[in-house]
Amino acid sequence: MTAATVAAPAAPATPARRLGPTAGLRHTGTLAWRSLVQIKHNPMELLDLSIQPVMFVLLFTYVFGGAISGSPGEYLTFALPGIIVQNAFFATMTTGFGLNQDLTKGVFDRLRSLPVARWSPLAGRIVADTVKQAWSLTLLLGVGMILGFRLGNGVFGLLGAFALLLVFSLAAAWMSVLVGVLVSEPDKVQIFGFTVIFPLSFTSNAFVPTETMPSWLQHWVEVNPVTILANALRGLLVGGPVAAPVLQSLLWAAAIAAVFAPLAVRGLRRRV
């Protein structure tokens, strides 16, 4: 009589360990540091955040300053906050560019196989780019002060301008993230920047006063988020109305994040 062999029941699979917020924050910090350390191997990224903004400050101040405001010094006081805003919008494109590179090169696939919080790669990229934004703002203000720009509201106005610009940049970065997860190549993120952000910044009062434009264009300029943020920075850094433009800038930031963040997260989940 043949003895029946009874197979031992398979042990239940061990459920994957859930990662807590502390571990996720630690992973975010590590991946943010990874993005910053990459600058050593790709210094052109930092040069893009440094040389181009400084060139804008020098060219606009000394080429257009006398014609628009009567003197380069007066124009610098008006235009520097606008140049800072334009540069911040363009700098958000690095988030989508770097994210698309990580997706196309398989970095996200590699991270998915590791015990890493699912949201930390994207959060790390955004945190690193926020640090780059702070560097760019510091550089522009430093160059501006060398050329004669002076703060009108002291340290508190400066800190407020830093905080407002970084908050708005975090919100605007979701537009770049959405583009980064939708396009197939990193260069297409830059194309989006030039086709959308360039006209957005130049149809604002970042560089010239609103009253110098045609009346039909002034209606758009007054509601343009670049105009509103530039006015808020002028009030904080130089002087003038602060409460209304700051509140409007925060409302614009909240609206941008509310629209683009869910779309970007959904697009990222589909792609990875």
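Just so you know, these numbers come straight off a predicted model, no measurement behind them.

**Here we look at the overall build of the protein**
Working step 1: Each helix and strand counted, the protein has 11 helices and 0 strands in total.
Working step 2: N-terminal to C-terminal, the α/β element order of the protein is α-α-α-α-α-α-α-α-α-α-α.
Working step 3: What you see for the protein is a C-alpha radius of gyration of 23 Å, clearly larger than the 19 Å of a compact globule of 272 residues, by over 25%.
Working step 4: The C-alpha extent of the protein, read off along each of the three principal axes, is 110 × 40 × 35 Å.
Working step 5: Relative to its full complement of 272 residues, the protein shows a buried share of 44%.
Working step 6: Put simply, the protein shows about 14500 Å² of open surface, and 69% of that area lies on carbon and sulfur atoms.
Working step 7: Seen as two clouds, the 18 positive and the 10 negative side-chain charges of the protein have centres 16 Å apart.

**Some thoughts on a nonpolar patch on the surface**
Working step 1: Side chains of Leu47, Ile51, Met55, Leu59, Val63, Phe64 and Ile68 sit close together on the surface and give an oily, nonpolar patch of about 600 Å² of accessible area.
Working step 2: Mapping Met55 onto the fold places it in helix α2 (residues 43–69).
Working step 3: Judged by relative accessible area, which is 45%, Met55 ranks as partly exposed.

**Considering helix α6 (residues 120–147)**
Working step 1: Spanning 28 residues, α6 covers 41 Å between terminal C-alpha atoms, matching the ideal 40 Å at 1.5 Å per step.
Working step 2: Just past α6, the residue Gly148 takes up positive phi, approximately 125°.

**Overview of the UniProt feature "transmembrane region" (unreviewed entry) in the protein**
Working step 1: Under the feature "transmembrane region" (unreviewed entry), the UniProt entry names residues 50–68, 75–99, 134–151, 158–183, 189–208 and 250–268.
Working step 2: Helix makes up 78% of residues 134–151 and strand 0%, with an end-to-end C-alpha separation of 17 Å.
Working step 3: End C-alpha to end C-alpha, residues 250–268 measures 26 Å, and it is 100% helix and 0% strand.

**Digging into helix α3 (residues 72–91)**
Working step 1: Ala79 marks where α3 bends most, by close to 40°; the proline Pro81 follows one to four residues later.
Working step 2: Across the 20 residues of α3, 15 count as buried, placing the element largely inside the fold.

**Digging into the packing of aromatic side chains**
Working step 1: Across all of its chains, the model carries 11 aromatic pairs by this definition.
Working step 2: Their ring planes at 40° and their centres at 6.5 Å tell us that Tyr75 and Phe78 sit as a pair that is tilted. On the criterion of helical spacing, the pair formed by Tyr75 and Phe78 is a turn pair, its members being 3 residues apart in helix α3.
Working step 3: Grouping aromatic residues by their ring pairs yields a cluster made of Phe56, Phe60, Phe64, Phe90, Phe194, Phe198, Phe202 and Phe207.
Working step 4: In this arrangement the basic side chain of Arg234 is found over the ring face of Phe78, its NZ or CZ atom lying 4.0 Å from the centre.

**Remarks on the nonpolar core**
Working step 1: Ile84, Phe89 and Leu141 are the most contacted members of the largest nonpolar core, which has 45 residues in total.
Working step 2: Taken together, the elements giving at least two residues each to this core come down to α2, α3, α6, α7 (154–182), α8 (186–202), α10 (225–237) and α11 (243–271).
Working step 3: By residue number, the principal contributor to this core is α3, which donates 10 residues.
Working step 4: Sequence-distant contacts of Ile84, defined by excluding residues within four places in its chain, comprise Leu137, Leu140, Leu141, Leu165, Leu233 and Leu237.
Working step 5: Grouped together as the second largest cluster of nonpolar side chains are 12 residues, Leu99, Val177, Leu178 and Val181 included.

**A few points about the environment of Gly96**
Working step 1: Here Gly96 lies in helix α4 (residues 93–104).
Working step 2: Note: C-alpha distance between Gly96 and Gln190 (94 residues apart in sequence) is 8.8 Å.
Working step 3: Contact partners of Gly96, with chain neighbours within four places excluded, come to Ser176, Val177, Gly180 and Val189.

**Here we look at the pattern of salt bridges**
Should their charged atoms come close, side chains of opposite charge can pair.
Working step 1: One pass over the full model with this rule turns up 3 salt bridges.
Working step 2: The shortest N-O distance in the salt bridge between Lys132 and Asp129 comes to 3.4 Å. With Lys132 and Asp129 both in helix α6, this residue pair falls 3 residues apart, about one helical turn. Like Lys132, the residue Asp129 is buried in the burial classification.

About the thresholds
Residues numbered from 1 in each chain as written. Predicted model: local features only at pLDDT ≥ 70, side-chain atom pairs only at ≥ 80, totals over all residues. Heavy atoms only, no water. Helix = DSSP H or I, 4+ residues; strand = E, 2+ residues; numbered from the N terminus. Rg over C-alpha atoms; globule rule 2.2 N^0.38 Å. Buried < 20%, exposed > 50% of the residue type's maximum accessible area, 1.4 Å probe, protein only. Areas by Shrake-Rupley, 256 points an atom, 1.4 Å probe, with all protein chains shown as cover. Lys, Arg positive; Asp, Glu negative; His and termini not counted. Charge placed at Lys NZ, Arg CZ, Asp CG, Glu CD. Patch = residues over 30% accessible without salt bridge, like charges linked within 9 Å, V, L, I, M, F, W, Y side chains within 5 Å. Salt bridge = Lys/Arg side-chain N within 4 Å of Asp/Glu carboxyl O. Expected span 1.5 Å × (residues − 1). UniProt positions renumbered as here; feature names shortened; annotations may be inferred. Bend = angle between axes of the 7 residues up to and from the residue. Phe/Tyr/Trp six-rings, centres within 6.5 Å; stacked < 30°, edge-to-face > 60°. Lys NZ or Arg CZ within 6 Å of the ring centre and 35° of its normal. Core = buried A, V, L, I, M, F, W, Y, C linked by side-chain atoms within 4.5 Å. Contact = heavy atoms within 4.5 Å.

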